[in-house]
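Analysis of the macromolecular model
Each chain, letter by letter, is given below.
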Amino acid sequence: MKIKTLFTCQKCGYQSAKWLGRCPDCQAWNSMVEEVQVKQQTVAGEIGSSASPMPIGDISGNEEQRLSCGITELDRVLGGGLVAGSLVLIGGTPGIGKSTLLLQAMDLVAKGTGSVLYVSGEESAQQIRLRGTRMGVNAGPLFILPETSLEKIIVHIQRLKPAAVVIDSIQTVFTSTLESAPGSVSQVRESAGRLMMLAKGSGIPILLVGHVTKEGAIAGPRILEHMVDTVLYFEGEAGHPFRILRAVKNRFGSTNEIGVFEMKEGGLMEVKNPSELFLAERPLGVAGSVVVASLEGSRPLLVELQALVTGSSLGSPRRTTIGVDHNRLALLVAVLEKKVGLSLAGQDIFLNVAGGVKLNEPAADLGMVVAVASSHLDKTVDPHSLIIGEVGLAGEVRGITQPEMRVKEAAKFGFHRCILPAGNVKQVKVKGMELIGVKSVEEAMERVI
Ligand code: TYD
Ligand code: MG
């Protein structure tokens, strides 16, 4: 056995034999920590199944086996359920609901499929039981194991042979083969690596909970994200009950699917009709309020954009956004000034996406432009009009993807007018919907404000 110490960057996992003040890989300052590495001699074929080369045509092309979690919103984000032998990472800030969601999902798997192992390094079995009782999770072959030693966890998994395993959280797990502290990059990498081999070898899907640091990254992020098959992030604004589960990497499905949940007394509830939820408290006939349709994976989502434009007392007026990129707003404000002739230079502009949703689709551009203009001119936009389109720097309105899906969603909620890119009009056929195709921002302004 060879003992070696290495300096590991705690941000990205870069390793060096010498201490360095700045990580040459991720450029973080003072992030190198000395860690003792115990290199074990691995015997070829020791763990996992050994494979031999095979012509591609001889490989059976059967669909992967999938295990339903019993929660439609979660299954959808996973790409249709948990794939046998897959390693899934679920990240999110503390208190967002990771443990709650997984306990609910594992309860349903236990009741439907068979035994499930929930390993918790953070809460005691009693705490989990108490939480479970509140959520109606208290029976079935759902095994709780308060344990942090990787070796012991592996033994329990091999003994129990559960249908699925949850490790809550990967940062609390440690292996005795390394001397570094639990939560350090080497520990996280080693533990996740060993669990991955176990998952692949046994076909048991393993879900890892990952804590997110202040900067919004999972500790040891790059290493973990490379290793696992699927990475899901839990998003939500503090103070809002809505939670969005988003796939950022998925070897077994699409990466832009989302699941929408609402945190209630009895745990996380699925939101089958998110548009309804996000439009529920919309004030009608108020200047600055506009409804846009964003496409999240296979689902259109109607959300309300709210702009507030007021005279500024500051030398450089504020441009504050919640839920949309502020650089995008700056760009669109410049288009409004130049092409529509609005004078916004001395104005504070605030833009908010209601309900704590994050929009990162260019299809929301035209809605942002109209919301800002509506607030500035203090003129309302018809509350039953949907506004979609991408805006270019020349003030042109560009075509967007899947216009029909978005317009149909709006029709479901009683919208009867849609302002959309002229190039998209032919692609949309929705009964009872008046379509107004526009080529430029000026044209859109004439039609709506
Ligand atoms: P939790 O799942 O413990 O978060 P994480 O594991 O991501 O850190 O969620 C805890 C929060 O959820 C806590 O603030 C209380 C709230 N909560 C409810 O509102 N209702 C419930 O039924 C449960 C179990 C939790
Ligand atoms: Mg937790």
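Small disclaimer: the values here were computed from a predicted structure and weren't measured. (Residues numbered from 1 in each chain as written. Chains lettered and ligands numbered in written order. Predicted model: local features only at pLDDT ≥ 70, side-chain atom pairs only at ≥ 80, totals over all residues. Heavy atoms only, no water.)

Turning next to the site of ligand 1. The full set close to ligand 1 counts 16 residues, and Gly95, Ser99, Thr100, Lys264 and Glu265 are the nearest of them. Between glycine 95 and ligand 1, the recorded distance is 2.7 Å, taken from a backbone N or O atom to an oxygen atom. Glutamate 265 places a main-chain nitrogen or oxygen 2.6 Å from an oxygen atom of ligand 1. Computed on the free molecule, ligand 1 has an accessible area of 560 Å², of which 73% lies beneath the protein chains in the complex. Of all the elements in the fold, those that place two or more residues in the shell around ligand 1 are helix H2 (98-112), helix H3 (125-135) and strand S13 (258-264). Considering only residue class, the shell around ligand 1 consists of four nonpolar, seven polar and five charged. (Near = heavy atom within 4 Å. Polar contact = N/O pair within 3.5 Å; in protein donor to acceptor, adjacent residues only side chain to side chain. Areas by Shrake-Rupley, 256 points an atom, 1.4 Å probe, with all protein chains shown as cover. Helix = DSSP H or I, 4+ residues; strand = E, 2+ residues; numbered from the N terminus. Nonpolar A, V, L, I, M, F, W, Y, C, P; charged D, E, K, R; others polar.)

Take the pairing of strand S15 (residues 289-296) next. Among the eight residues in S15, eight count as buried, and that is most of the element. Across the two faces of S15 the burial is the same, with Ser289, Val291, Ala293 and Leu295 and Val290, Val292, Ser294 and Glu296 all buried. Of the pairings in the sheet, the one linking S15 to strand S16 (residues 299-311) comprises eight bridges and is antiparallel in character. By the bridge assignment, serine 289 is partnered in S16 with glutamine 306. Counting the residues between successive antiparallel strands, the hairpin from S15 to S16 contains two residues, one of them, glycine 297, with a positive phi of roughly 65 degrees. (Buried < 20%, exposed > 50% of the residue type's maximum accessible area, 1.4 Å probe, protein only. Pairing = 2+ DSSP bridges.)

This part is about unusual backbone geometry. Among all residues save glycine, negative phi is the norm, and among peptide bonds the norm is trans. The omega torsion across aspartate 168 and serine 169 is 5 degrees, close enough to zero to call that bond cis. As for its position among the elements, serine 169 is in the loop between strand S9 (164-168) and helix H5 (185-202). A positive phi is found at asparagine 30, a non-glycine position, where the angle reads about 55 degrees. In this structure, asparagine 30 sits in the loop between strand S2 (15-16) and strand S3 (32-39). Residue glutamine 402 is not a glycine yet carries a positive backbone phi of 50 degrees. You can see glutamine 402 is positioned in the loop between strand S21 (397-398) and helix H10 (403-412).

The subject of this paragraph is the packing of aromatic side chains. Scanning the entire structure with this criterion turns up two aromatic pairs. Aromatic side chains phenylalanine 242 and phenylalanine 278 sit 5.3 Å apart centroid to centroid with 85 degrees between the ring planes, which places their arrangement in the edge-to-face category. Linking phenylalanine 242 in strand S12 (residues 242-250) with phenylalanine 278 in helix H7 (residues 274-279), this pair joins segments that are 36 residues apart in sequence. No difference in accessibility class separates phenylalanine 242 from phenylalanine 278, as the two residues are buried. (Phe/Tyr/Trp six-rings, centres within 6.5 Å; stacked < 30°, edge-to-face > 60°.)

What is shown is where atoms sit, not what they do.
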